[in-house]
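# Overview (structure and organization)
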Amino acid sequence: MKRVSRPPLIGVTTSITVGKSPERAYVNSAYVAAIQEAGGVPVPIPPQLDATALAEILARCDGFLLTGGGDMDPAAFNEPPHPTLSEVAPARDRLEIALVRRALESGKPLLAVCRGIQVLNVALGGSLFQDVATDPGTEIQHQQEREQKPRDEPTHPVKVVAGSRLAQLLGTTELRVNSMHHQAVKALGRGLVPVAFAPDMIIEGVELEDPERFVLGVQWHPEELVSRDQAAARLFRAFVEAAASPKRPPS
Ligand SMILES: [Mn+2]
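Let us look at the structure shown here. Note that the structure is predicted; figures quoted are calculated from it, not measured. (Residues numbered from 1 in each chain as written. Predicted model: local features only at pLDDT ≥ 70, side-chain atom pairs only at ≥ 80, totals over all residues.)

So, about the overall build of the chain. When helices and strands are tallied, the chain shows six helices and 13 strands. For the chain, the C-alpha radius of gyration of 17 Å lies close to 18 Å, the compact-globule estimate for 251 residues. Taken along the three principal axes of its C-alpha coordinates, the chain extends 50 × 40 × 35 Å. For the chain, the share of sequence-separated contacts (at least 6 apart) that also reach a separation of at least 24 residues comes to 70%. (Helix = DSSP H or I, 4+ residues; strand = E, 2+ residues; numbered from the N terminus. Rg over C-alpha atoms; globule rule 2.2 N^0.38 Å. Contact = placed C-beta atoms within 7 Å.)

Below is the structure:
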């Protein structure tokens, strides 16, 4: 395994304004900061990129971070839209689904946060609960912003499956996480294993069953927690470290 001597380039997907002018691509600073603190160089990947630009960026980046954001278009998993959907951006969905597939083909590490775990799941053929509060329904508040809780305040517990890659990287099987998601993983995508759960059994973490691959999704927002939570900081360091240690593409 050959180490790259330069800091790894981490492609970071961005949000896009929906129904506002001018159209903008943007990303929360916390993602940029978390990657830099872990030793990586963030490279924004906006949905406006065409196929040529995207292919160039995918070829040059050493790892990819799928960021949080609005709801996915449920057409991607063949379900009619729930009335509570918001900030649906099909161009972003398309770009991120393509990115997941290419990242998997290339063998490069992928960390998927919040909306990202949902995109990862759908890209692999899975489906989503479109409004966790009513479907499947839960006593847990998965949208803490509704109670004016700060983004970096953990609000519900998560249990991580012992022996999973995620447990290994976090260094623990029990943690408290922040929670800012409207949707959640329903049917699992191909090759994904659920490795973290909220007390209501909502899936809060997935990883690829292939233990050689760094492909991880978490439903919470570790990028908001790195300065106060060792587990979150370890996760980002492990991700950037994996990107700095390229493996051969899977055969
Ligand atoms: Mn949650």
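What follows is about the environment of Glu37. Mapped onto the secondary structure, Glu37 falls in helix α1 (residues 29-37). Remark: the alpha-carbon pair of Glu37 and Arg6, spanning 31 residues in sequence, is separated by 15 Å.

Here we take up the nonpolar core. Ile35, Leu65, Ala112, Phe236 and Phe239 are the most contacted members of the largest nonpolar core, which has 65 residues in total. Ranked by the residues each element gives to this core, the list is headed by helix α6 (residues 230-244), at nine residues. Among all residues touching Ala112, those that are not within four sequence positions of it are Leu66, Ile117, Val119, Leu120, Leu216 and Gly217. (Core = buried A, V, L, I, M, F, W, Y, C linked by C-beta atoms within 7 Å. Buried ≥ 20, exposed ≤ 12 C-beta atoms within 10 Å, placed from the backbone.)

What follows deals with the sheet that holds strand β12 (residues 203-208). One open sheet holds the nine strands; their spatial order is β4-β1-β5-β6-β13-β12-β11-β8-β9, and the pairing between them is mixed. The sheet terminates laterally at β4 (41-45) and β9 (174-177), the two strands that pair on one side only. Pairs of neighbouring strands in the sheet enclose a mean axial angle of 25°, with direction left out of account. Here strand β8 (residues 156-160) runs beside β9; their pairing, made up of four bridges, is antiparallel. Within β9, the position partnered with Pro157 by the bridge is Arg176. Against the sheet, helix α3 (residues 90-106) makes contact with β1 (9-13), β5 (63-66), β6 (110-113) and β13 (215-218), and its axis sits at roughly 150° relative to β5, the strand it touches most. (Pairing = 2+ DSSP bridges. Axes fitted to C-alpha atoms, helices over the stretch in contact; angles between N-to-C directions.)

What follows covers the environment of Ala198. Note that Ala198 resides in the loop between β11 (192-197) and β12. Separated by 22 residues in the primary sequence, Ala198 and Arg176 place their C-alpha atoms 9.5 Å from one another. If sequence neighbours within four positions are ignored, Ala198 has contacts with Ile140, His156, Val158 and Glu204.

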